[in-house]
Amino acid sequence: MTNPMGNAGRTRAGGLPTPPSGWPVGSYPTYAEAQKAVDFLADSHFPVENVTIVGVDLMQVERVLGRLTWGKVIGGGIVSGAWLGLFLGFLLSLFTTGGIIGPLVVGLIGGIVFGLISAVIPYAATRGTRDFASTMQLVAGRYDVLCDPKAAEQARDMLARLAL
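What counts, and where the lines are drawn
- Residues numbered from 1 in each chain as written.
- Predicted model: local features only at pLDDT ≥ 70, side-chain atom pairs only at ≥ 80, totals over all residues.
- Heavy atoms only, no water.
- Helix = DSSP H or I, 4+ residues; strand = E, 2+ residues; numbered from the N terminus.
- Rg over C-alpha atoms; globule rule 2.2 N^0.38 Å.
- Buried < 20%, exposed > 50% of the residue type's maximum accessible area, 1.4 Å probe, protein only.
- Contact = heavy atoms within 4.5 Å.
- Areas by Shrake-Rupley, 256 points an atom, 1.4 Å probe, with all protein chains shown as cover.
- Lys, Arg positive; Asp, Glu negative; His and termini not counted.
- Charge placed at Lys NZ, Arg CZ, Asp CG, Glu CD.
- Pairing = 2+ DSSP bridges.
- Axes fitted to C-alpha atoms, helices over the stretch in contact; angles between N-to-C directions.
- Expected span 1.5 Å × (residues − 1).

Engineer: Would you mind showing me how to read the overall build of the protein chain here?
Structural biologist: Regarding its fold elements, the protein chain presents 4 helices and 3 strands. Taking 2.2 N^0.38 as the reference for a compact globule, 164 residues should give roughly 15 Å; the C-alpha atoms of the protein chain span a radius of gyration of 25 Å, well beyond that estimate. Here the C-alpha coordinates of the protein chain stretch approximately 70 × 45 × 40 Å along the principal axes. Buried residues in the protein chain amount to 23% of all 164 residues. Of the contacts formed within the protein chain by residues at least 6 apart in sequence, a portion of 81% connects residues at least 24 apart. For the protein chain, the exposed area adds up to about 11,400 Å²; of that, 65% sits on carbon and sulfur atoms. Counting 12 positive and 11 negative side-chain charges, the protein chain places the averaged centre of each group 10 Å from the other.

Engineer: I would appreciate a short explanation of the sheet that holds strand 2 (residues 51-67) in the present structure.
Structural biologist: Adjacent strands of a sheet form backbone hydrogen bonds with each other and so pair up, either parallel or antiparallel. Strand order in the open sheet formed by 3 strands is 1-3-2, and the pairing between neighbours is antiparallel. Edge positions in the sheet fall to strand 1 (23-28) and strand 2, since each of these pairs with one other strand and no more. Averaged over neighbouring strand pairs, the angle between their axes works out to 30° when direction is ignored. As paired strands, strand 2 and strand 3 (residues 132-147) are joined by 15 bridges and run antiparallel to one another. Note that in strand 3 the partner of V54 across the bridge is D144.

Engineer: When you look at the pairing of strand 3 in this model, what are you seeing that I'm missing?
Structural biologist: On a regular strand, one side chain projects to one face of the sheet and the next to the other, so that they alternate. Note: strand 1 against strand 3, 5 bridges, orientation antiparallel. Among the inter-strand pairings, P24 is bridged to a residue of strand 3, identified as L146.

Engineer: Explanation requested: unusual backbone geometry in the structure shown.
Structural biologist: Note: most peptide bonds trans; most residues except glycine with negative phi. For H45, which is not glycine, the phi torsion reads 65° and is therefore positive. Mapped onto the elements, H45 comes out in the loop between helix 1 (31-43) and strand 2. For H45, a relative accessible area of 74% translates into the label exposed. In the Ramachandran plot, D57 falls in the positive-phi region, its phi being about 60° despite a non-glycine side chain.

Engineer: Sorry, what's going on with the environment of M59 here?
Structural biologist: Mapped onto the secondary structure, M59 falls in strand 2. For M59, a relative accessible area of 40% corresponds to the partly exposed category. Distance from M59 to V106, taken between C-alpha atoms, is 46 Å for residues 47 residues apart in sequence. Excluding its chain neighbours within four sequence positions, the residues that come into contact with M59 are Q137, L138, V139, A140 and G141.

Engineer: I would appreciate a short explanation of helix 3 (residues 101-126) in the present structure.
Structural biologist: Relative to the 38 Å expected for 26 residues at 1.5 Å per residue, helix 3 spans 38 Å between its end C-alpha atoms, a close match to the ideal helical length. Turning to helix 3, its buried residues are P103, G107, G111, G115 and Y123. R127 occupies a position one or two residues after helix 3 and carries a positive phi of about 50°.

Take a look at the structure:
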């Protein structure tokens, strides 16, 4: 788990981030393995505030999920708008003295209209140049564990035991 105040000492004056520093004590193909190494150091009572995990060889990866059609876009807009509308209609019904059905129906219709507009206009604006759905990720080719030079040798020795 990360500490929201954890980067307080790792920024320059003016709040600009600084490049990582330290000696490499381990290199791992996945973030989970680098995290496991740092967790091992922490469990061994090593001062992990001297350690940094650095993603190296960054890549932006776009994974294609499937083809988009007008039917899928309209259907997705209706479904997402309906859920939002039902939620807002339920909230509205909590503050009205009448029955629950009226606010739910108003919320449902308004949500469907809003969902359709917010789905159809951006898709129409692409004019067929992007007829697929995808997700974007930033991934690293490897993850290096760096350590402050004063404790790097100890960390390297400890991680060598982990590898065995």
